[in-house]
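So the chains spell out like this:
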Amino acid sequence: MKFPKIGAAALLALALVLVIVAAGCTQQSGTAGSPGTAAPVKDIRIGYQPSTHQMAEITAMNKGWYAQDLAQYGVTNVTDTVFPTGAPEMQAMLANQIDVAYVGAAPVLSAISTGLDAKIVAGVNTQGSDLVIRNGLTYSGPQSLKGLTIATFPAGTIQDTVLRNWLSKNNLTPGTDVTIKGMSSAGDAATALTAGKVDAVFLPTPNPSVIVNQGAGKIVVHSGEMYPNHTCCVLVVSGKLIREHPEIVKQIIQTNNKAVAWNEANLNEAAAIYANKTGAKLTDVQASLQEWDGNWASDPNIIVQPVLDYAAFQYQNGYIKKNLTEADLFDLTLYQK
Amino acid sequence: MVTENGKNNYRWLGLCALLLVLIVWEIAAVIIVANPFILPSPPDVFLAFIGLIEKGRLLLDFEVSMEHFIIGIGAALVVGIPIGIAMGWSRKFDAFLDPVVELLRPIPPLAWIPFAIIWFGLTASSAGFVIFIGAVFPIVINTYSGFRSVPKIYVEAGRMLGCTKNLSLIRHVAFPAALPSIASGIRIATGVGWMCLVAAELFGVSNNGLGMALWFYYDLHQMDSVVVYMLLLGFIGLVIDMGFRHYMNRHFLRWQVKEVA
């Protein structure tokens, strides 16, 4: 009879799979310790996106400020990873691959609603995205967008949320009156506009200026006109790091503030650092910084309501399964001017 | 287990394997990992499946994806088989096209996305083009190999029996002889093309589609729904392959079926 051999093989396979799965399993964050008793942190891993919204991160890393400032807390290695949009960045944080994220507020909501152990501890910037329409089209207000196709970032991103919200407020139904194409990267969206395959794009800076400088379109609406002082990027830190090493988190916020202040005082040099790191053209970055309506604002107290508005919008649109509260999203205790 | 025709039926082993995978998956998800983001359990995925059915989007996703797939595979067949025949039959054609084919073949379908957008826009044809890129080369290569492997004696016999023109030799001798190889190429191509579907729906070609929905739920970190679409892609891919094999064996390769096993 063959069954016992098969049964033994099946049990062996089961045991093997369990061992492999257990060995590969990552420990969930936020399960251990308290300040003072927690194991020291040697590595800090930061995620960011190639946007002028997050220039503070790029400046601070380039000048070695994160490494210098965090060394006093035992941190010996600070690394950063670039992500094309917020969704994969939050995915990396959910998978415990980064500790700190410069990221749009909208992807944070869907991540926290699905169990991400992290909090927004500071703002990064407000506003700073633009609606760009292709040459040959005339913009005379939101109603003139009726029947057009607009490319932006995918569902759950800040741009998708702000754009849909604005269209709805102007009595345009996304998907019916205006077609929205969720693109995987700014490059795809810009390519589609340049090739005349979409009518407009809604992207964060510096992408609009790059498109304008290439002669492929014109900026017609700043996101600040769509939603005044809307939150864009925020600083998110893992719950484990907040609970176990609040002093490190406070320092991260301080270092970010230092970089913001330096950027504002040395705009051209900051633009050069950004261009060097991201590969963007310096002229595009400089034009973008002149043109944008954004503001590097780190105080989280001023972004609470806009973020809660996003949460309500995402909940209504079925992007998240539960409505999130301020306590779910923010830790306002660590921010100091 | 022995069937009526006296042959062993081992299908129950496959069912055992599926059951074992489900048990291991459940144990790993609930007891070991205990985090539905890292590994959703089978009940999580089943509930997500029910939720997607209730939303009424699964059928629409399926229809849109099939449209993309048919465009891509259809184009790959129309382009790939004649090119493979030409290269396999004519040394001159082979020498002419081989460098181009070998240069283009290793370029991943994802790398063509910028030109898919530029040439076809954000349309079904654009998604079909990415699938076409993935599917066309296995068809070309296998058709070529099939024609190269036609025994010379068949061709000579064909000539003796009155097939004197190339077209009639190809039609009546070489093509039937190469058909098993061509069929293998199409099988590989449908598999590769189906896998390319997820990449083809990555860049906003439509608001529906199995690949698009997979990315949509990935962006929202709803991993249970992501697994639903992964399993659907696997299942539909399996059905397509089984249907194709059944059709080919029944209508074109009856002479070959059961020759070995």
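Residues numbered from 1 in each chain as written. Chains lettered and ligands numbered in written order. Predicted model: local features only at pLDDT ≥ 70, side-chain atom pairs only at ≥ 80, totals over all residues. Heavy atoms only, no water.

Trainee: Quick question: what am I supposed to make of the overall build of chain B here?
Mentor: Helix and strand content of chain B: 10 helices and zero strands. Secondary structure elements of chain B occur, N-terminal to C-terminal, as α-α-α-α-α-α-α-α-α-α. Across its three principal directions, the C-alpha atoms of chain B cover 70 × 60 × 30 Å. Residues counted as buried form 46% of the 261 residues belonging to chain B. (Helix = DSSP H or I, 4+ residues; strand = E, 2+ residues; numbered from the N terminus. Buried < 20%, exposed > 50% of the residue type's maximum accessible area, 1.4 Å probe, protein only.)

Trainee: What's the story with the sheet that holds strand β1 (residues 43-48) of chain A in this structure? I'm lost.
Mentor: Strands pair in a sheet through their backbones, by hydrogen bonds, and they do so in one of two ways: parallel or antiparallel. All names here are of chain A. Read from one edge to the other, the open sheet built from five strands follows the order β2-β1-β3-β10-β4, with strand pairing classed as mixed. Of all the strands in the sheet, just β2 (77-82) and β4 (118-123) have a single pairing partner and so form its edges. Recorded for the sheet is a direction-independent mean angle of 25° between the axes of neighbouring strands. Relative to strand β10 (residues 233-238), β4 runs antiparallel, the two sharing five bridges. Within β10, the position partnered with isoleucine 120 by the bridge is valine 236. Relative to the sheet, helix α4 (residues 86-94) contacts β1, β3 (100-104), β4 and β10, its axis offset from that of β3 by approximately 155°. (Pairing = 2+ DSSP bridges. Axes fitted to C-alpha atoms, helices over the stretch in contact; angles between N-to-C directions. Contact = heavy atoms within 4.5 Å.)

Trainee: Sorry if this is basic, but what is going on with the packing of helix α2 (residues 55-62) of chain A against helix α12 (residues 267-278) of chain A here?
Mentor: Between two packed helices, both the angle of their axes relative to each other and the distance between the axes serve to describe the pair. Residues and elements named next belong to chain A. Across the interface, α2 lies against α12 with an axial gap of 9 Å and an inter-helix angle of 85°. Regarding the angle of α2 to α12, the classification is roughly perpendicular. Contact residues: Met55, Ile58, Thr59, Met61 and Asn62 in α2; Ala270, Ala271, Ile273, Tyr274, Lys277 and Thr278 in α12. (Parallel < 35°, antiparallel > 145°, perpendicular 65-115°, else oblique.)

Trainee: Whenever I open this one, the pairing of β10 of chain A confuses me. Can you help?
Mentor: Consecutive side chains along a regular strand alternate between the two faces of the sheet. Residue and element names in this part refer to chain A. Where burial is concerned, most of β10 is hidden: six out of the six residues are buried. Here five bridges tie β3 to β10, and the two strands are oriented antiparallel to one another. Its bridge partner being in β10, valine 100 is matched across the sheet by valine 237.

Trainee: Which parts of the structure should I look at to understand the pattern of salt bridges?
Mentor: It is possible for side chains of opposite charge to pair when their charged atoms get near one another. Scanning the entire structure with this criterion turns up 13 salt bridges over all chains. Aspartate 99 of chain A is the partner of arginine 45 of chain A in a salt bridge, and the nearest nitrogen-oxygen pair spans 2.8 Å. With arginine 45 of chain A in strand β1 and aspartate 99 of chain A in the loop between α4 and β3, this residue pair connects regions lying 54 residues apart in the sequence. Owing to a relative accessible area of 25%, arginine 45 of chain A belongs among the partly exposed residues under this scheme. Owing to a relative accessible area of 10%, aspartate 99 of chain A belongs among the buried residues under this scheme. Note that arginine 187 of chain B is salt-bridged to aspartate 241 of chain B, the shortest N-O span being 2.9 Å. Of the two residues, arginine 187 of chain B is situated in helix α8 (residues 166-200) and aspartate 241 of chain B in helix α10 (residues 223-251); the sequence distance between them amounts to 54 residues. Residue classification places arginine 187 of chain B among the partly exposed positions, given a relative accessible area of 35%. You can call aspartate 241 of chain B buried: its relative accessible area is 14%. One connected set of salt bridges, linked through shared partners, spans Arg187, Asp241 and Arg245 of chain B. (Salt bridge = Lys/Arg side-chain N within 4 Å of Asp/Glu carboxyl O.)

Trainee: Would you take a moment to explain the sheet that holds strand β8 (residues 200-204) of chain A for this structure?
Mentor: Residue and element names in this part refer to chain A. Strand order in the open sheet formed by five strands is β7-β6-β8-β5-β9, and the pairing between neighbours is mixed. Because the sheet does not close on itself, it has two edges, and the strands there are β7 (179-182) and β9 (217-222). Sheet twist, expressed as the average angle between the axes of neighbouring strands with direction ignored, equals 25°. With five bridges joining them, strand β5 (residues 129-134) and β8 adopt antiparallel strand pairing. Bridge assignment links isoleucine 133 to a residue of β8, and that residue is alanine 200.

Trainee: What is the right way to look at the interface of chain B and chain A in this model?
Mentor: You'll often see interface size given as the accessible area lost when the parts meet. Listed as interface residues are 35 residues of chain B and, on the opposing side, 39 residues of chain A. Carbon and sulfur atoms make up 68% of the surface buried where chain B meets chain A, a total of about 3000 Å² over both sides. Two residues, aspartate 224 of chain B and lysine 321 of chain A, come together in a salt bridge whose shortest N-O distance is 3.7 Å. Linking chain B with chain A are five residue pairs in polar contact (both at pLDDT 80 or more), by the criterion used here. Elements with a contribution of two residues or more to the side of chain B that touches chain A: α1 (11-33), α5 (113-120), α9 (210-219) and α10 of chain B. Residues that form the side of chain B that touches chain A fall into these classes: 26 nonpolar, seven polar and two charged. (Buried area = accessible area lost by both parts, 1.4 Å probe. Polar contact = N/O pair within 3.5 Å; in protein donor to acceptor, adjacent residues only side chain to side chain. Nonpolar A, V, L, I, M, F, W, Y, C, P; charged D, E, K, R; others polar.)

Trainee: Sorry if this is basic, but what is going on with the environment of isoleucine 303 of chain A here?
Mentor: Residue and element names in this part refer to chain A. Position of isoleucine 303 among the secondary structure elements: in the loop between α13 (282-291) and α14 (304-316). Remark: the alpha-carbon pair of isoleucine 303 and valine 124, spanning 179 residues in sequence, is separated by 10.0 Å. With near-sequence residues (within four places) excluded, isoleucine 303 lies in contact with Ile120, Gly123, Thr231, Val234 and Phe330.

Trainee: What exactly am I supposed to notice about the packing of aromatic side chains here?
Mentor: Geometrically, a pair of aromatic rings is defined through the distance of the ring centres and the angle of the planes. Residue and element names in this part refer to chain B. Applying the stated criterion across every chain yields a total of 15 aromatic pairs over all chains. Plain terms: the ring middles of tryptophan 119 and phenylalanine 129 are 5.7 Å apart, the flat faces sit at 75° to each other, and that makes the pair edge-to-face. With tryptophan 119 in helix α5 and phenylalanine 129 in helix α6 (residues 124-148), this residue pair connects regions lying 10 residues apart in the sequence. Relative accessible area serves as the criterion here: at 10%, phenylalanine 129 is assigned to the buried category. Taking 5.8 Å as the distance between ring centres and 65° as the angle between the ring planes, the aromatic pair formed by tryptophan 215 and tyrosine 218 counts as edge-to-face. With tryptophan 215 and tyrosine 218 both in helix α9 and three residues apart, this pair spans about one turn of that helix. Judged by relative accessible area, tyrosine 218 falls into the buried class, the value being 19%. (Phe/Tyr/Trp six-rings, centres within 6.5 Å; stacked < 30°, edge-to-face > 60°.)

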